[in-house]
Amino acid sequence: MYQLAQINIAKMKGVNIEDPVMKEFVENMVYVNQLADNSSGFVWRLKDEDNHAATLNPMNDMQTIINLSVWEDIESLQHYTYKTFHSYFLKRRKDWFHQYGKSHYALWWIKKGEYPGIEESLERLRHLQENGASSYAFTFQKTFQEYS
């Protein structure tokens, strides 16, 4: 049995998460994370003691934030991403973030009950950006079936 892992990365227009340009994004972060936590198909997300991952700095760059989560299937993540209040922030992404390479996110299948590490997740995104979609890392536009 498998579940879907996802990473997305954003390079902030502000110097860090406390920059005034990030105000609206930050003010809604708790609500958007709660929305994910309570969404059908949600399994897990990376978070710190403040219940989000915005202050984690795995890339040694205070302007770059990551989001890492696990979902039961593609449809659950797709619904949360595009059919809930989260979509407002996706539509306004350019207000807060710079373009991040060819893709700012990657999806891949992991065994049920496991959680992806940050380094593995960053490697999946790098692979997608350099090689395009494959079963190793893909996007909503070109998905691959879960392993059987």
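Residues numbered from 1 in each chain as written. Predicted model: local features only at pLDDT ≥ 70, side-chain atom pairs only at ≥ 80, totals over all residues. Heavy atoms only, no water.

A. View of the overall build of the protein. Of the regular secondary structure elements, the protein holds five helices and five strands. For the protein, the α and β elements follow one another from N to C terminus as β-α-β-β-α-α-α-β-β-α. Relative to the compact-globule value of 15 Å for 148 residues, the protein shows a C-alpha radius of gyration of 15 Å, a close match. Overall, the protein is about 45 × 35 × 30 Å in size when its C-alpha atoms are taken along their principal axes. Within the protein, buried positions represent 43% of all 148 residues. Long-range pairs, those at least 24 residues apart, make up 75% of the contacts in the protein with a sequence separation of at least 6. Of the roughly 8200 Å² of accessible surface on the protein, a fraction of 49% belongs to carbon and sulfur atoms. Distance between charge centroids for the protein: 7 Å, based on 16 positive and 19 negative side chains. (Helix = DSSP H or I, 4+ residues; strand = E, 2+ residues; numbered from the N terminus. Rg over C-alpha atoms; globule rule 2.2 N^0.38 Å. Buried < 20%, exposed > 50% of the residue type's maximum accessible area, 1.4 Å probe, protein only. Contact = heavy atoms within 4.5 Å. Areas by Shrake-Rupley, 256 points an atom, 1.4 Å probe, with all protein chains shown as cover. Lys, Arg positive; Asp, Glu negative; His and termini not counted. Charge placed at Lys NZ, Arg CZ, Asp CG, Glu CD.)

B. Region of interest: the nonpolar core. Core analysis: the largest hydrophobic core is formed by 24 residues, its most contacted members being L4, F25, I65, L77, F97 and L107. At the level of elements, β1 (2-12), α1 (23-37), β3 (64-71), α2 (74-83) and β5 (105-111) are the ones that each hand at least two residues to this core. With residues near it in sequence (within four places) discarded, F97 still touches A10, K11, M12, K13, M22, F25 and I65. With 15 residues, the next largest nonpolar core counts A106, I110, L125 and L128 among its residues. (Core = buried A, V, L, I, M, F, W, Y, C linked by side-chain atoms within 4.5 Å.)

C. The arrangement of the side chain of S121 in detail. Looking at where S121 falls in the secondary structure, it is placed in helix α5 (residues 118-131). Contact partners of S121, with chain neighbours within four places excluded, come to I7, L68, W108 and P116.

D. Structural context of a nonpolar patch on the surface. A surface patch of nonpolar side chains, about 280 Å² in accessible area, is lined by Y31, F85 and Y88. With respect to the helices, strands and loops of the structure, F85 is situated in the loop between α2 and α3 (86-91). (Patch = residues over 30% accessible without salt bridge, like charges linked within 9 Å, V, L, I, M, F, W, Y side chains within 5 Å. Salt bridge = Lys/Arg side-chain N within 4 Å of Asp/Glu carboxyl O.)

E. Quick peek at unusual backbone geometry. Backbone geometry at N60 places phi at a positive 55°, although glycine is not the residue there. With relative accessibility at 71%, the residue N60 sits in the exposed group.

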